[in-house]
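# Tertiary structure, described
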Amino acid sequence: MAKYLLLKHYRGAPAAVNNIPMDQWTPEEVEAHIGYMNDFAARLERNGEFIDGQALSPDGVWVRSAGDGRPPVTDGPFAETKDLIAGWMVIDVDSYERAIELAGELSAAPGAGGTPIHEWLELRPFLTEPPTVTD
Amino acid sequence: MHDVARRELVPHVLSVLVRRGADFATAEDAVQEALVRALSAWETERPADPTGWLITVAWRAFIDMTRSETARRDRQVRYDNEPPAGTIPSADDTLHLYFLCAHPTLTPSSAVALTLRAVGGLTTRQIAQAYLVPEPTMAQRISRAKSVVSRAGVDRPGDVRTVMRVLYLVFNEGYSGDVDLAAEAIRLTRQLAAVADDAEVHGLLALMLLHHGRRRSRTRPDGSIVPLAEQDRSNWDRDLIAEGIVILQAALARDRLGEYQAQAAIAALHADASRVEETDWVQIVEWYDELLQFADTPIVRLNRAVAVGEADGAPAGLAALAEVDDHVVRHDAVAAYLHEKNGDLEVAARLYACAARNAPNLAERDHQTRQAARLNHYLQRHP
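Residues numbered from 1 in each chain as written. Chains lettered and ligands numbered in written order. Predicted model: local features only at pLDDT ≥ 70, side-chain atom pairs only at ≥ 80, totals over all residues.

## Focus on the overall build of chain A
- Along the backbone of chain A there are 2 helices and 6 strands.
- Counted from the first residue to the last, chain A has its helices and strands arranged as β-α-β-β-β-β-α-β.
- Over its C-alpha trace chain A gives a radius of gyration of 18 Å, far above what one expects of a compact globule, namely 14 Å for 135 residues.
- With the C-alpha coordinates aligned to their principal axes, the bounding extent of chain A is approximately 55 × 55 × 25 Å.
- A total of 135 residues make up chain A; the buried ones form 13% of that total. (Helix = DSSP H or I, 4+ residues; strand = E, 2+ residues; numbered from the N terminus. Rg over C-alpha atoms; globule rule 2.2 N^0.38 Å. Buried ≥ 20, exposed ≤ 12 C-beta atoms within 10 Å, placed from the backbone.)

Right, here's the structure in full:
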């Protein structure tokens, strides 16, 4: 009954335990990783806990209005220091504890050497609708 | 036939099928199928006996589903084509259905979804939309809930306490899509109250009616919150409130007090005041003390601190607040309100800003942000 966003970072999160970048894995390790992620999402769907999952390209630009009648201004690519989001998953679960449990499982996706990455995922609760009973 | 009127029949039809020995999960699918067929069939000609019609069509659908299932499993199970006699469901059957859908082995979200479908007759799509969840996810949630209930067996269902918790969740969740969940919760609680002889069920119904009666004045058209003190009380639905009060009084007369009756009593005291200044805060504090006997939670204590602040003044409210766990949600909001009332404007402004940061929903965040801005603006002009 509560929705949470699981955010995965390209950079900006604390270093993972198994911190070897993906482009240095073997093809089998990459396949194993992708398979784990797909299985995880499929399991959430079967549980009735899955809302959405998307991956984002690391390419992107800053955009802002330039004022009346002028085209928006862009600035990019992003500086190396910018916190960079890699993708997200949105879940709908019964409790905060369940959200933590699922984030932990997602973080254990296998990486180099087939061992879990133990990467840091960001867990963020959604703001909900106000309740009916308030007094 | 109106959608709600058709759905009123759902628990009767389903309980008849289950009583005839149909497996709960398949029977529920069969009733959904019959409801869908009724949509088109009844458009041209409404049957003289809608319940009988639904039972017949649902039973045939159940037979068909069982046959195809049986064929798949290559099993030899036979059902008679003609349904056995006995189409009049008893109150006990309906009650049993509520208990099954609030089975203690179900998680709250599963019990809510199953109740809305199997007792409320809502479609999976409607439930998914109401809870802002994709339809396949909701379909899975319901399907798993049904198999949990089937596996757990119909012998150890939930009880009226678990049912009330589920209905309260439906009412209080606050989402609104095509389906008005609060109205649906009231409908299902009314139906429950008709078959369950329990003062607390009536207390819950009264609580819902009393809050629903104030609904129109709780938010502005843009969705922003109007606090109780600022609500246009002429816009409250007096019929709903009057009904809630009558039901509550009858429940209280049975002398079996519980948390829903105590909450309803607090709501009734608010509803009784035609102007906020006329609110009987002393009695409200007394009811919070009663409520604490049944539900001693930080949230109840927090709300009690507000009432104490109104009844005995801001310092007394702040003293009551000091005893509440300060991690509880909305603690900052209550502290800000009481400090402002006490004249500590700088402290209040800072706390309103904290309350905005910690608000559990957007409407409350906006509301607390406005409060902080209002006080900060005042303080700048009156240094």
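## Section: helix α13 (residues 238-252) of chain B
Residue and element names in this part refer to chain B.
- Compared with the 21 Å implied by 1.5 Å per residue over 15 residues, the 21 Å span of α13 between its first and last C-alpha is a close match.
- Among all positions in α13, only Ile241, Gly244, Ile245, Ile247, Leu248 and Ala251 are buried.
- Looking at the buried residues of α13, the elements they touch are α11 (199-212) and α14 (259-272). (Expected span 1.5 Å × (residues − 1). Contact = placed C-beta atoms within 7 Å.)

## What to know about the interface of chain A and chain B
- Contacts between the two partners involve 17 residues from chain A, matched on the other side by 29 residues from chain B.
- Going through the elements one at a time, α1 (27-47) and β2 (50-55) of chain A are the ones with two or more residues in the side of chain A that touches chain B.
- Of the residues in the side of chain A that touches chain B, the class split is 7 nonpolar, 4 polar and 6 charged. (Nonpolar A, V, L, I, M, F, W, Y, C, P; charged D, E, K, R; others polar.)

## Here we look at the sheet that holds strand β6 (residues 122-125) of chain A
Residues and elements named next belong to chain A.
- One open sheet holds the 4 strands; their spatial order is β2-β5-β1-β6, and the pairing between them is antiparallel. Across the chains shown, the open sheet's two edge strands, defined by having one partner strand only, are β2 and β6. The sheet shows a mean angle of 20° between the axes of neighbouring strands, direction not considered.
- Here strand β1 (residues 2-11) pairs with β6 via 4 bridges, running antiparallel. For leucine 6, the partnering residue across the bridge sits in β6 and is leucine 123. (Pairing = 2+ DSSP bridges. Axes fitted to C-alpha atoms, helices over the stretch in contact; angles between N-to-C directions.)

## Some points on the environment of aspartate 178 of chain B
Residue and element names in this part refer to chain B.
- You can see aspartate 178 is positioned in the loop between α9 (160-172) and α10 (181-195).
- Aspartate 178 gets classed as exposed once you count the C-beta atoms within 10 Å, which come to 9.
- The spatial distance from the C-alpha of aspartate 178 to the C-alpha of glutamine 126 is 7.2 Å, given a sequence separation of 52 residues.
- Filtering out sequence-adjacent residues up to four positions away, aspartate 178 remains in contact with Gln126 and Gln129.

## Side note on the pairing of strand β5 (residues 84-93) of chain A
All names here are of chain A.
- As paired elements, β1 and β5 share 9 bridges and run antiparallel to each other. Bridge pairing in β5 links alanine 2 to valine 93.
- The sheet contact formed by β2 and β5 spans 5 bridges and is antiparallel. Residue glycine 53 lies in a different strand from β5, and its bridge partner there is methionine 89.

None of this, on its own, says anything about what the molecule does.
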